[in-house]
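Chain and residue survey
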Amino acid sequence: MFSWPVPDVRLAQQSERTGIENKWFALTGRVVAVKVETDGDLHIALIDATGDKPGIVVETPAKPQWCEIRNMVFSWTL
């Protein structure tokens with residue numbers, strides 16, 4: 001992910017997802033933080049399980065098709 005090219009257009013919060021953002025990836029790692037954004041999106045910070053690589057943040061949008069994943073994330077806080 002760190003080798004992805006920088007977007008060639010100005011992006012805003014309401015920008016449509018394009019290119020690589022529309023692909024699915026399987027990730028493994030350790031969750032170190034979860035933040036609920038003001039727009040309802042969940043930002044989940046992951047680091048490599050060994051801790052020797054940079055971390056990433058993944059986003060789970062506040063949309064109906066993501067409810068199952070969002071419920072799972074919220075269950076981590078119980």
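Just so it is clear, the model here is predicted, and its values are computed rather than measured.

**Here we look at the confidence of the model for the chain**
In this model, the chain carries an average pLDDT of 81, and 94% of its residues clear a pLDDT of 70 or more. Within the chain, the element-level pLDDT minimum falls on strand 3 (residues 56-60), averaging 85, and the maximum on strand 2 (residues 42-47), averaging 90.

**Digging into the pairing of strand 1 (residues 30-36)**
Across 6 bridges, the pairing between strand 1 and strand 2 is antiparallel. Within strand 2, the residue paired with Arg-30 across the bridge is Ile-47. Here strand 1 folds back onto strand 2, and the loop between the two strands holds 5 residues, one of which, Gly-40, carries a positive phi near 95 degrees.

**Remarks on the sheet that holds strand 3**
Strand order across the open sheet formed by 3 strands is 1-2-3, with antiparallel pairing between neighbours. Two strands close off the open sheet at either side, each with one partner strand: strand 1 and strand 3. The mean inter-strand angle of the sheet, taken between neighbouring strand axes irrespective of direction, is 25 degrees. Lying on the sheet, helix 1 (residues 67-75) is in contact with strand 1, strand 2 and strand 3; it crosses strand 2 at an angle near 65 degrees.

**Here we look at the nonpolar core**
The biggest cluster of nonpolar side chains holds 5 residues, and these are Leu-42, Ile-44, Leu-46, Ile-56 and Val-73. At 3 residues, strand 2 tops the list of elements feeding residues into this core. When near neighbours in sequence (up to four residues on either side) are disregarded, Leu-42 contacts Lys-35, Val-36, Val-58, Glu-59, Thr-60, Arg-70, Val-73 and Phe-74.

**Overview of a nonpolar patch on the surface**
Taken together, Trp-24, Val-31, Val-34, Ile-69, Met-72 and Trp-76 make up a surface patch of nonpolar side chains, about 620 Å² in accessible area. Looking at the nonpolar patch, the elements with two or more residues in it are strand 1 and helix 1. If you trace the backbone, Val-34 turns up in strand 1.

**Here we look at the pattern of salt bridges**
Per the stated rule, a full pass over the model turns up 1 salt bridge. A salt bridge links Lys-35 to Glu-37; the nearest nitrogen and oxygen atoms lie 3.7 Å apart.

**Focus on the side chain of Asp-41**
Mapped onto the elements of the fold, Asp-41 is located in the loop between strand 1 and strand 2. Here Asp-41 falls in the buried class, since its relative accessible area comes to 10%. Not counting chain neighbours up to four residues away, the residues in contact with Asp-41 comprise Lys-35, Val-36, Glu-59, Thr-60, Pro-61, Ala-62 and Arg-70.

**Quick notes on the pairing of strand 2**
Where strand 2 meets strand 3, 5 bridges bridge the pair, whose relative direction is antiparallel. The residue of strand 3 that forms the bridge with Leu-46 is Ile-56.

Rules and cut-offs
- Residues numbered from 1 in each chain as written.
- Predicted model: local features only at pLDDT ≥ 70, side-chain atom pairs only at ≥ 80, totals over all residues.
- Heavy atoms only, no water.
- pLDDT = per-residue confidence, 0-100.
- Helix = DSSP H or I, 4+ residues; strand = E, 2+ residues; numbered from the N terminus.
- Pairing = 2+ DSSP bridges.
- Axes fitted to C-alpha atoms, helices over the stretch in contact; angles between N-to-C directions.
- Contact = heavy atoms within 4.5 Å.
- Core = buried A, V, L, I, M, F, W, Y, C linked by side-chain atoms within 4.5 Å.
- Buried < 20%, exposed > 50% of the residue type's maximum accessible area, 1.4 Å probe, protein only.
- Patch = residues over 30% accessible without salt bridge, like charges linked within 9 Å, V, L, I, M, F, W, Y side chains within 5 Å.
- Areas by Shrake-Rupley, 256 points an atom, 1.4 Å probe, with all protein chains shown as cover.
- Salt bridge = Lys/Arg side-chain N within 4 Å of Asp/Glu carboxyl O.

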